[in-house]
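If you want the building blocks of each chain, they are given just below.
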Amino acid sequence: MRLKVITSNPGKVREYERELSQFGIEMEHLRHPYDEVQTSDLEEVVNKGMDAIISEGIRDFIVDDSGLFVDALKGFPGVWSAYAQKTIGNPGILKLMDGVEDRGAEFRCCIGCDIAGKRIVVTGVCRGVITDSERGTDGFGFDPICSPDGERTFAEIPMDEKNAVSHRGNAVRLLIEALKDEGLI
Ligand code: IMP
């Protein structure tokens with residue numbers, strides 16, 4: 001079985017490969033931009049994206065979308081995380097959270113997989129807190145201001161440890177379970 005990973009980020013292809021190759025699934029990187037609908041719902045973005053890709057005749061693929069949802073900001077930046085990261089960045093999020101007591105937040109990752117004519121959509125979640133300042137040099141994006149345990153930030157945690165608790169790690173584990181339930185692996 002071969003699945004196309006439709007993304008502009010080659011790092012994601014390697015991540016899926018590491019998790020799914022043990023089940024005999026090979027990954028192929030496909031750069032194929034598709035329109036993302038304007039909605040605050042991650043699953044809707046993924047489902048509509050899958051509809052658009054399938055309507056172009058592409059099958060057997062994976063797409064995903066992820067974001068940081070901050071409780072006190074009513075879920076912002078959420079589906080606009082990539083844009084928020086590019087514009088206001090981590091200092092902007094910390095500024096919005098200045099003096100805010102409720103630091104709760106969660107990363108969510110929604111994976112959509114079209115495989116053997118079936119559609120599987122799963123969402124992995126990782127709860128944590130927004131820190132008061134940026135800490136750590138590993139990782140990317142919001143990692144330096146997010147902590148899963150209230151102590152170290154994701155940017156201070158080794159990659160393997162992050163994968164064991166992260167939204168993306170949890171989403172991939174849910175995908176594997178769903179593929180097993182469907183008898184596809
Ligand atoms: P994407 O949908 O995976 O491209 O993620 C959208 C945006 O969410 C990225 O540009 C990052 O800013 C943010 N993001 C997603 N996953 C993570 C993560 O694991 N750590 C930090 N930031 C993340």
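Heads up: these notes are all about the structure in this document. (Residues numbered from 1 in each chain as written. Predicted model: local features only at pLDDT ≥ 70, side-chain atom pairs only at ≥ 80, totals over all residues. Heavy atoms only, no water.)

### A look at the overall build of the chain
Going by this rule: Helix numbering and strand numbering both begin at the N terminus, where a helix is a DSSP run of H or I of at least 4 residues and a strand a DSSP run of E of at least 2. The size measure is the radius of gyration over C-alpha atoms, and the globule rule it meets is 2.2 Å times the number of residues to the 0.38 power. Buried, partly exposed and exposed residues are distinguished by accessible area as a fraction of the type maximum, computed with a 1.4 Å probe on protein chains only: under 20%, between the cut-offs, and over 50%, respectively. The criterion used for residue contact is that any of the two residues' heavy atoms lie within 4.5 Å. In this tally Asp and Glu are treated as negative and Lys and Arg as positive; neither His nor the chain ends contributes. A single reference atom marks each charge: NZ on Lys, CZ on Arg, CG on Asp, CD on Glu.
On a plain count of helices and strands, the chain comes out with six helices and six strands. Helices (α) and strands (β) of the chain occur, in sequence order from the N terminus, as β-α-β-α-β-α-α-β-β-β-α-α. Scaling as 2.2 N^0.38, a compact globule of 185 residues should have a C-alpha radius of gyration of about 16 Å, and the chain matches this with 17 Å. Put simply, the chain has 185 residues, and 44% of those count as buried. The long-range share in the chain, meaning contacts at least 24 apart out of those at least 6 apart in sequence, stands at 59%. Taking the average location of the 22 positive side-chain charges in the chain and that of its 33 negative ones, the two points are 2 Å from each other.

### A look at the pairing of strand S3 (residues 61–70)
Stated precisely, the cut-off is as follows: In this scheme, strands are said to pair when DSSP sees at least two bridges between them.
Extensive coverage of S3 is indicated by the burial of nine of its ten residues. Across two bridges, the pairing between strand S1 (residues 2–6) and S3 is parallel. Counterpart to Val5 in the pairing with S3 is Ile62. Examined bridge by bridge, S3 and strand S4 (residues 104–115) share ten bridges and lie antiparallel to one another. Paired with Leu68 across the two strands is Phe107, which belongs to S4.

### A short note on the site of the ligand
Inclusion rule: Put simply, a residue is near a molecule or strand once any heavy atom of it comes within 4 Å of that molecule or strand. The definition of a polar contact used here is a pair of N or O atoms within 3.5 Å, where within protein one atom must be able to donate a hydrogen and the other to accept one, and adjacent residues in sequence count solely through side-chain atom pairs. Note on areas: Shrake-Rupley, 1.4 Å probe, and residue coverage restricted to the protein chains presented here. Put simply, Ala, Val, Leu, Ile, Met, Phe, Trp, Tyr, Cys and Pro go in the nonpolar bin, Asp, Glu, Lys and Arg in the charged bin, and everything else, Gly too, in the polar bin.
Around the ligand, the structure places 15 residues, and the nearest of them are Lys12, Asp65, Ser66, Asp143 and Lys162. A distance of 2.7 Å separates a nitrogen atom of the ligand from a polar atom in the side chain of Asp143. Contacts to the ligand include Lys162, whose side-chain N or O atom sits 2.9 Å from an oxygen atom. For the ligand, the protein covers 86% of the area, taking 480 Å² as the surface of the free molecule. Elements with a minimum of two residues in the shell around the ligand: S3, helix H3 (81–87) and helix H6 (167–181). Residue composition of the shell around the ligand, grouped by class: four nonpolar, six polar and five charged.

### A closer look at helix H2 (residues 42–55)
Convention followed: Multiplying one less than the number of residues by 1.5 Å gives the expected span of a helix. In this description, the arc belongs to the directions extending from the helix axis to the C-beta atoms.
The terminal C-alpha atoms of H2 lie 20 Å apart, and with 14 residues this matches the ideal 20 Å at 1.5 Å per residue to within 8%. Along H2, the positions that sit buried rather than exposed are Leu42, Val45, Val46, Gly49, Met50 and Ile53. Summarising the axial view, the buried residues of H2 lie within an arc of 130°, below the 170-degree limit, and thus occupy one face. In the stretch just after H2, Gly57 is the one whose phi turns positive, near 90°.

### A look at the packing of aromatic side chains
Each aromatic ring pair is summarised here by two numbers: the centre-to-centre distance and the angle between the ring planes. Operational definition: Centre distance within 6.5 Å is the pairing criterion for rings of Phe, Tyr and Trp, where only the six-membered ring of Trp is used; planes under 30 degrees apart are then read as stacked, over 60 as edge-to-face, and the remainder as tilted. Charge-over-ring placement is defined geometrically: NZ (Lys) or CZ (Arg) within 6 Å of the ring centre, and within 35 degrees of the ring normal.
Under the definition given, this model contains one aromatic pair. On the basis of an interplanar angle of 50° and a centroid distance of 5.8 Å, the ring pair of Phe107 and Phe154 is categorised as tilted. A residue pair is termed long-range when its members are at least 10 positions apart, and Phe107 in strand S4 and Phe154 in the loop between strand S6 (146–147) and helix H5 (159–165) qualify at 47 residues. Its relative accessible area of 8% is what places Phe107 among the buried residues. The ring of Phe69 carries the charged tip of Arg108 above its face, separated from the ring centre by 3.9 Å. Of note, Lys162 hangs over the ring of Phe154, and the distance from its end group to the ring centre comes to 5.5 Å.

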